[in-house]
Amino acid sequence: MALDTATLERQAPQVQIIGRRKARRWFPSLPELWRSRTILYYLVVRDIKARYAQTVLGAFWTVFQPLAMIGVFTYAFSRFFHDDSLGVPYTLWATAGIALWIFVSRSVMQGAGSLVGNVPFLTRTAVQRPLIPISAVCASCVDLLVGIALFLVLSLGYGVYPTWRYLLAPAVVALAFLLVLGLALLLSPLEVRFRDVGRTLPFVVQLWFFLSPVAYVPPTSGSELARLFLTDLNPAVGLLESFRWALLGTAVPTSDLIVTLVFTGAVLLAGTVYFTRSERMLVDEL
Amino acid sequence: MGEPAIIAEGLGKRYRPWIGLKPMSTTEHLAATRQRLLRRPGPWRRRDIWALRDVSFDIPRGEILGVLGRNGAGKSTLLSVLAGITEPTEGFASIHGRVTALIGVGTGFHDELTGRENVLLSGVFLGMSRAEVARKFDAIVDFAEVDEFIDIPVKRYSTGMRARLAFSVAAHIEPDILLVDEVLSVGDPEFQEKCHARMTSMAAKGLTGMFVTHDRTAVGRLCKRALLLEHGRVVFFGAADEAVAASMEKQAQDAGGKEAALDEGEGPSREAPAVRFADVRIANTNGGPALLPHQPFEVHVGLEAAEPVPGYSLGVQLVINDDKSRSLAGLSSWLDPSNPLHQLREVGRTSLVCEVGELPVRAGRYSLALRLFHDGDLVDEVSDLEFEVGATDFFGAGFEPPESFPPLLVSHRWRLREPTPAPSDQGAG
């Protein structure tokens, strides 16, 4: 069987022309990416396997990391936040936020460093370049799944049961995915050119954490201008609020969600275009 | 026959590295951009380097083309362009069929993962389906001879083992076109032989190959035709044995009258390494060429730097091989604590002498390979500098050890153990 397909391919070899691309593209070719989906799958597998290679506890770390974070925040903040001010148990409120946040922060950082971190791979194989940041973001989904599983276990413990709104959680996750994908596509070629990106990003992500309602509600005092830039235009606010609305039934986000949608669209568009435009230079600049 | 597999027309690849000073910080990048836009001269300059220029050739299906050339001649760049890894600056190539490229040791191997995982991953990345890899897995591992190590991370593999596994994966993909960079040179001779045999048998089934190597005899045996690259240009394209002869001639020029070769090769497209060997020569302590075993001799090494570089960034490595390409000894400037390179603040043109204490080998032909490192990167190489060691009666036995005897001469003496055991004890022991 397999021999036959091999012979068939040999009889009609595809002709590929290699040359300087005349018309420069603005977007990657989706059919080409779709054909490489097996490669994407194995890139993700490789990332996940490599992440826990040579750790004694292996995959346990994925569970332990969000668990430890939730433990620390519950201990630190439960004194200030009373369950009635949030309307839901603080632990659940924080778990939902942390699950999503670990995914966002991890995939932005891994995605931005994905090209620089895969030099031998990029200089030796001709795999579709966008697959590299995409796979980094996909590999971080493991953390999200573990975080959600943790949330479900804890919520049953607190006697909070699934509602119909759970069905909308995947949509929020998809939105988060597109947002970080856009950021990864935008930042990864930028880091190839300016390694400074990799140095700065941890601080920026840290700052973003403190400005977003991940584990606590950031104080809203300050000038109007500061509020506008730090809270109203922060795409993470809409994301986290929608996620909590779907899982816990907190207040329905409206304007924040619109900000997130617009921001995600803009970042995804900019990232895709920037990545495609700089793609052909990548290998030479690495 | 006749049906083409690869046709390349005027391929060129330009790199534009910064020379001397390069913008390091973001503000410097902005300043350099401004300087370029305003066409003002400034401290940051780029230089055009053509790693490939005007490369045209064709390979009919079922033929293996050898690619010869010194380091930095553009061989790897050519393979990268044909493999679709990097885009050519000019020209085009048409590739008829599925291409697999084996560039560098372990294509897509991940250090932390085991051999088993890497075979699967690299097979998929090179274009196989999962089922295909699973079916061929045993054959791949058998061919690479790494059965016992298949479940340990590849970072614990030797370079040779990685190269064997990588070649084995690529060889089992059954591509239409296989591009092989110098990866095989790190394997042992037996494995290289096996790989060559595999390529020949694949070629008989219609595989087209391109084979970059320093091993001229392999080109002679495997390839009908060969391409000789120098400074990114094709200097010879034709029958393999003629190409081998042409490359030998080039090398003789390089090793002997390097200056002459330099002037000839000077051109806009030359890919000049920062430092290179200017001339290399072996001499006995009297300055003559004849060497005797266990007698000191000297290796004279001339270095030449395009722009002065600090001496501590340089290292010279010498490897002495016998006529069967077995490495006998390694010498290195790093191994000498009083190495004069460390005292030199700037190296422009320098002549070094390596005083070799003694070479305990029997009469025969040997060769010397020299490698020059700059900041840890291999920047120049002179291989197969042959020399002859004359016969002496080293052991005082009145005759030389036979040809089949190992090459090292180690002085030794035989005696009877004291006290001599009594004849009656012999049966008991």
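Residues numbered from 1 in each chain as written. Chains lettered and ligands numbered in written order. Predicted model: local features only at pLDDT ≥ 70, side-chain atom pairs only at ≥ 80, totals over all residues.

Here we look at the overall build of chain B
Then comes step 1: In terms of helices and strands, chain B carries nine helices and 18 strands.
Then comes step 2: In chain B, which comprises 429 residues, the share counted as buried stands at 38%.
Then comes step 3: When contacts within chain B are restricted to residue pairs at least 6 apart in sequence, long-range pairs at least 24 apart make up 73% of them. (Helix = DSSP H or I, 4+ residues; strand = E, 2+ residues; numbered from the N terminus. Buried ≥ 20, exposed ≤ 12 C-beta atoms within 10 Å, placed from the backbone. Contact = placed C-beta atoms within 7 Å.)

A few points about the overall build of chain A
Then comes step 1: When you go through chain A residue by residue, the secondary structure sums to 13 helices and one strand.
Then comes step 2: Going from the N terminus to the C terminus, chain A shows its helices and strands as α-β-α-α-α-α-α-α-α-α-α-α-α-α.
Then comes step 3: Going through the 286 residues of chain A one by one, you find that 37% of them count as buried.
Then comes step 4: For chain A, the share of sequence-separated contacts (at least 6 apart) that also reach a separation of at least 24 residues comes to 82%.

Here we look at the interface of chain A and chain B
Then comes step 1: Taken together, the contact pairs 32 residues of chain A with 38 residues of chain B.
Then comes step 2: Of all the elements in the fold, those that place two or more residues in the side of chain A that touches chain B are helix H1 (2-11), strand E1 (15-19), helix H3 (37-52), helix H7 (119-124) and helix H13 (255-285) of chain A.
Then comes step 3: Examining the composition of the side of chain A that touches chain B, we find that six residues originate from one element, H3(A), more than from any other.
Then comes step 4: For the side of chain A that touches chain B, the per-class residue count stands at 16 nonpolar, six polar and ten charged.
Then comes step 5: Taken together, the five bridges between E1(A) and strand E6 (residues 90-96) of chain B define a ladder with antiparallel strand orientation. By the bridge assignment, A:Ile18 is partnered in E6(B) with B:Ala93. (Nonpolar A, V, L, I, M, F, W, Y, C, P; charged D, E, K, R; others polar. Pairing = 2+ DSSP bridges.)

Some points on the sheet that holds strand E10 (residues 225-230) of chain B
Residues and elements named next belong to chain B.
Then comes step 1: Ordered by their spatial adjacency, six strands build an open sheet running E7-E8-E9-E5-E10-E11, and the pairing between neighbours is mixed. In this open sheet, the two strands that pair with only one neighbour each are strand E7 (99-102) and strand E11 (233-239). Here the average twist between neighbouring strands, direction ignored, is 15°.
Then comes step 2: Note: strand E5 (residues 64-68) against E10, four bridges, orientation parallel. In the sheet register, leucine 65 faces E10, and the bridge partner there is arginine 225.
Then comes step 3: Across the face of the sheet, helix H2 (residues 75-82) comes into contact with E5, E7, strand E8 (177-180), strand E9 (208-212) and E10 while running at roughly 150° to E9. (Axes fitted to C-alpha atoms, helices over the stretch in contact; angles between N-to-C directions.)

Re the packing of helix H4 (residues 60-77) of chain A against helix H6 (residues 90-112) of chain A
Residue and element names in this part refer to chain A.
Then comes step 1: It is at 10 Å that the axes of H4 and H6 come closest, and there the two elements cross at 135°. Judged by the inter-axis angle, H4 sits oblique to H6. Seen along the crossing, H4 lies across H6 with a hand that is right-handed. Residues Gln65, Pro66, Met69, Ile70, Phe73, Thr74 and Phe77 of H4 lie in contact with H6, whose contacting residues are Tyr90, Thr91, Ala94, Thr95, Ile98, Ala99 and Ile102.
Then comes step 2: In the contact of H4 with H6, the residues fall into ten nonpolar, four polar and no charged. (Parallel < 35°, antiparallel > 145°, perpendicular 65-115°, else oblique. Left-handed = near helix turned anticlockwise from the far one by under 90°.)

Thoughts on the sheet that holds strand E12 (residues 275-284) of chain B
Residues and elements named next belong to chain B.
Then comes step 1: In space, the three strands of this open sheet follow the order E12-E13-E16, with antiparallel pairing throughout. One side of each edge strand has no neighbouring strand; the edge strands of this open sheet are E12 and strand E16 (347-356). Neighbour-to-neighbour, the strand axes of this sheet turn through a mean angle of 15°, independent of strand direction.

Examining unusual backbone geometry
All names here are of chain B.
Then comes step 1: Despite not being glycine, aspartate 54 has its phi angle at roughly 60°, a positive value.
Then comes step 2: Within the chain, glutamate 145 stands out as a residue other than glycine whose phi angle is a positive 60°.
Then comes step 3: Mapped onto the elements, glutamate 145 comes out in the loop between helix H4 (130-144) and helix H5 (159-171).

Quick notes on the environment of B:Ala243
Residues and elements named next belong to chain B.
Then comes step 1: Of note, alanine 243 is situated in helix H8 (residues 240-255).
Then comes step 2: Exposure remark for alanine 243: the 25 C-beta atoms within 10 Å place this residue in the buried category.
Then comes step 3: Along the primary structure alanine 243 and leucine 227 are separated by 16 residues, whereas in three dimensions their C-alpha atoms are 6.8 Å apart.
Then comes step 4: Excluding residues within four positions of it along the chain, alanine 243 makes contact with Gly66, Leu68, Ala226, Leu228, Phe236 and Gly238.

Points about the packing of helix H12 (residues 235-248) of chain A against H13(A)
All names here are of chain A.
Then comes step 1: H13 packs onto H12 with a crossing angle of 120° between their chain directions and a minimal axis gap of 7 Å. It follows from the interaxial angle that H12 and H13 lie oblique. By crossing handedness, the relation of H12 to H13 is classed as left-handed. Seen from H12, the contacting residues are Pro235, Val237, Gly238, Leu239, Glu241 and Ser242; seen from H13, they are Asp256, Leu257, Val259, Thr260, Phe263 and Thr264.
Then comes step 2: Counted by class, the contact of H12 with H13 contains six nonpolar, four polar and two charged residues.

Some points on the environment of A:Ala139
Then comes step 1: Mapping A:Ala139 onto the fold places it in helix H8 (residues 131-157).
Then comes step 2: Residues A:Ala139 and A:Ser107, 32 residues apart in the sequence, show an inter-C-alpha distance of 8.0 Å.

Some words on the confidence of the model for chain A
All names here are of chain A.
Then comes step 1: Chain-level pLDDT for chain A is 83 on average; 90% of the residues reach the 70-or-more range.
Then comes step 2: When pLDDT is averaged over each helix and strand of chain A, the minimum, 41, is found for H1 and the maximum, 93, for helix H9 (residues 169-193).
Then comes step 3: In this model residues 1-12 is a low-confidence stretch, pLDDT under 50, and it forms six contacts with partners more than four residues away in sequence or in other chains. (pLDDT = per-residue confidence, 0-100.)

Examining the nonpolar core
Then comes step 1: By size, the foremost hydrophobic cluster in this structure holds 139 residues, and its most contacted members are B:Leu179 and B:Ala226.
Then comes step 2: Ranked by the residues each element gives to this core, the list is headed by H6(A), at 15 residues.
Then comes step 3: With sequence-adjacent residues up to four places away left out, B:Ala226 is seen in contact with B:Leu65, B:Gly66, B:Val67, B:Leu68, B:Val219, B:Ala240, B:Ala243 and B:Val244.
Then comes step 4: By size, the runner-up hydrophobic cluster in this structure holds 24 residues, among which are B:Phe277, B:Val280, B:Val309 and B:Val347. (Core = buried A, V, L, I, M, F, W, Y, C linked by C-beta atoms within 7 Å.)

Thoughts on helix H1 (residues 26-37) of chain B
Residues and elements named next belong to chain B.
Then comes step 1: Between its first and last C-alpha atoms H1 spans 17 Å; for twelve residues at 1.5 Å apiece the expected length is 16 Å, and the two agree.
Then comes step 2: Sparse coverage of H1 is indicated by the burial of zero of its twelve residues.
Then comes step 3: A positive backbone phi angle near 50° is found at arginine 39, which sits one or two residues after H1. (Expected span 1.5 Å × (residues − 1).)

Description of the environment of B:Asn71
All names here are of chain B.
Then comes step 1: By secondary structure assignment, the location of asparagine 71 is in the loop between E5 and H2.
Then comes step 2: Judged by the 18 C-beta atoms lying within 10 Å of it, asparagine 71 is partly exposed.
Then comes step 3: Linking asparagine 71 and leucine 378, residues 307 residues apart in sequence, is a C-alpha distance of 8.9 Å.
Then comes step 4: If near-sequence neighbours (up to four positions away) are discounted, asparagine 71 is found in contact with Leu378, Asp380 and Glu381.

Overview of helix H3 (residues 115-125) of chain B
Then comes step 1: Of all the eleven residues making up H3(B), ten are buried; the element is thus mostly covered by neighbouring parts of the structure.
Then comes step 2: Within H3(B), the full set of buried residues consists of B:Gly115, B:Glu117, B:Asn118, B:Val119, B:Leu120, B:Leu121, B:Ser122, B:Gly123, B:Val124 and B:Phe125.
Then comes step 3: Here the buried face of H3(B) lies against H3 of chain A together with H4 and H5 of chain B.
Then comes step 4: Positive phi appears at B:Gly127, one or two residues downstream of H3(B), with a value of about 115°.

Some points on the confidence of the model for chain B
As a note on interpretation, predicted positions should not be read in detail where pLDDT is low.
Residue and element names in this part refer to chain B.
Then comes step 1: Of all residues in chain B, 86% have pLDDT values of 70 or greater, and the mean over the chain is 79.
Then comes step 2: Scored below 50 in pLDDT, residues 257-271 shows 20 contacts in the model against residues more than four places distant or in partner chains.
Then comes step 3: Reported confidences for the modelled complex are a pTM of 0.69 and an ipTM of 0.75.

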